[in-house]
Amino acid sequence: HRECNHANMTGPNLNQGHPCFSTSGHGKTGRIHLAVAPECNISCNYCVRKFDCANESRPGVTSKVINSDEAIETVLKAKSSAIGSQLTVVGIAGPGEPLANQETFESMRKVKENFPDMTLCLSTNGLLLPEKLAEMLEIGVSHVTVTINTLDEQVGAKIYSHVHWEGKKMIGPDAARVLINNQLLGLEQASKAGMTLKVNTVVIPGVNEHLLYSLALEVKKRGAHIHNLLPLIPQGKLAHNMAPPKELIKNYRSILGSILPQMMHCQQCRADAIGLV
Ligand code: SF4
Ligand code: SF4
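Residues numbered from 1 in each chain as written. Chains lettered and ligands numbered in written order. Predicted model: local features only at pLDDT ≥ 70, side-chain atom pairs only at ≥ 80, totals over all residues.

*Asks:* Could you clarify how one ought to interpret the sheet that holds strand 2 (residues 42–44) in this entry?
*Replies:* Sheet strands pair via backbone hydrogen bonds, and the direction of the pair is either parallel or antiparallel. Taken in spatial order, the 3 strands line up as 2-6-7 in an open sheet, and their pairing is antiparallel. One side of each edge strand has no neighbouring strand; the edge strands of this open sheet are strand 2 and strand 7 (168–170). Strand after strand, the sheet turns through a mean of 20° between neighbouring axes, direction not considered. Pairing analysis gives 3 bridges linking strand 6 (residues 160–165) to strand 7, with the strands arranged antiparallel. Counterpart to His164 in the pairing with strand 7 is Lys169. Against the sheet, helix 5 (residues 172–192) contacts strand 2, strand 6 and strand 7, and its axis sits at roughly 60° relative to strand 6. (Pairing = 2+ DSSP bridges. Helix = DSSP H or I, 4+ residues; strand = E, 2+ residues; numbered from the N terminus. Axes fitted to C-alpha atoms, helices over the stretch in contact; angles between N-to-C directions. Contact = placed C-beta atoms within 7 Å.)

And the structure:
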């Protein structure tokens, strides 16, 4: 989201020099995305796996997946560029699920060792958040984005075609239930640990729209600081769905803005994006 405008954000958690969580960072600070995480542990029907994760990024635009050594080189190079001093955040947002890839943790550790002042950020589908939270905290990850599309397992069954959990491939409402439980538990635990938390929700017309209000109330209760509604990009198994009109997203943001601050013009940035936001 190079052009994202995070308007009207206040509060201590939204003002920590992270361009994606704070109005104050706008145009002055930026982030370096490291595309080190190709694998995923669930299957979202709007995802085309060769493309980028809808957690944070736009389809098909990672130039390549890199390893943790290349990740450090990427940070070094970006930090020595003209805008290097303004790049304050290192984020891992795909192209798959960051927490399902060991390379994510290795890269974050190396970044922290070599660039201790950088803010560490991750996006996740939330399935492994409770399990990986302690390690994330130990490494020093402070900002997390969890993509939560629904709290209803029947609706979830229409959004997720499977979930890999404890060595099994689960499908249907049972799969969605495991995912939703872990998302909410992870959010709550991460909030209690003091992390800054964003929830992304992909708005899928006719599928999850009717439950957005109760979703926002619940994620706020669990500790989310900001909500980001992403319009569905019709692709994969949802290629025949409609993308929500801009006006509709605007309306939802204004309604849900009474619950949580809304991220306004997120551009669903690529998994290897580098630059000011
Ligand atoms: Fe911003 Fe998302 Fe990247 Fe974090 S992962 S730096 S929130 S764009
Ligand atoms: Fe794709 Fe991300 Fe969903 Fe995994 S979590 S299936 S990478 S959109």
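*Asks:* What's the story with helix 3 (residues 129–139) in this structure? I'm lost.
*Replies:* In an α-helix, one turn spans 3.6 residues, which is why side chains three or four residues apart end up on the same side. Listed in full, the buried residues belonging to helix 3 are Leu129, Lys132, Leu133, Met136 and Ile139. Seen end-on, helix 3 carries its buried residues on one side only, within an arc spanning 135°. Away from its buried face, by an angle of more than 90 degrees, helix 3 presents the exposed residues Glu131, Ala134 and Glu138. Residues of helix 3 that are buried make contact with helix 2 (102–114), strand 4 (119–124), strand 5 (141–147) and helix 5. (Buried ≥ 20, exposed ≤ 12 C-beta atoms within 10 Å, placed from the backbone. Arc of directions from axis to C-beta.)

*Asks:* Sorry if this is basic, but what is going on with the pairing of strand 5 here?
*Replies:* The two faces of a sheet get side chains in turn, since along a regular strand they alternate between them. Most of strand 5 sits out of view: 7 of its 7 residues are buried. With 5 bridges joining them, strand 4 and strand 5 adopt parallel strand pairing. Across the sheet, Cys121 pairs through a bridge with His143, a residue of strand 5. Handedness of the crossover joining strand 4 and strand 5 through helix 3: right-handed. (Right-handed = clockwise from strand over helix to strand, strands pointing away.)

*Asks:* In this structure, what is going on with the packing of helix 6 (residues 212–222) against helix 7 (residues 246–256)? I would like to understand it.
*Replies:* For any two helices packed against each other, the geometry is given by the interaxial angle and the distance between the axes. Between helix 6 and helix 7, the least distance of the axes is 10 Å, while the angle of their chain directions is 40°. The orientation of helix 6 relative to helix 7 falls into the category oblique. Crossing of helix 6 over helix 7 shows right-handed handedness. Along its contact with helix 6, which presents Leu212, Tyr213 and Ala216, the element helix 7 presents Tyr252, Ile255 and Leu256. Class assignment of the residues belonging to the contact of helix 6 with helix 7 gives a composition of 6 nonpolar, no polar and no charged. (Parallel < 35°, antiparallel > 145°, perpendicular 65-115°, else oblique. Left-handed = near helix turned anticlockwise from the far one by under 90°. Nonpolar A, V, L, I, M, F, W, Y, C, P; charged D, E, K, R; others polar.)

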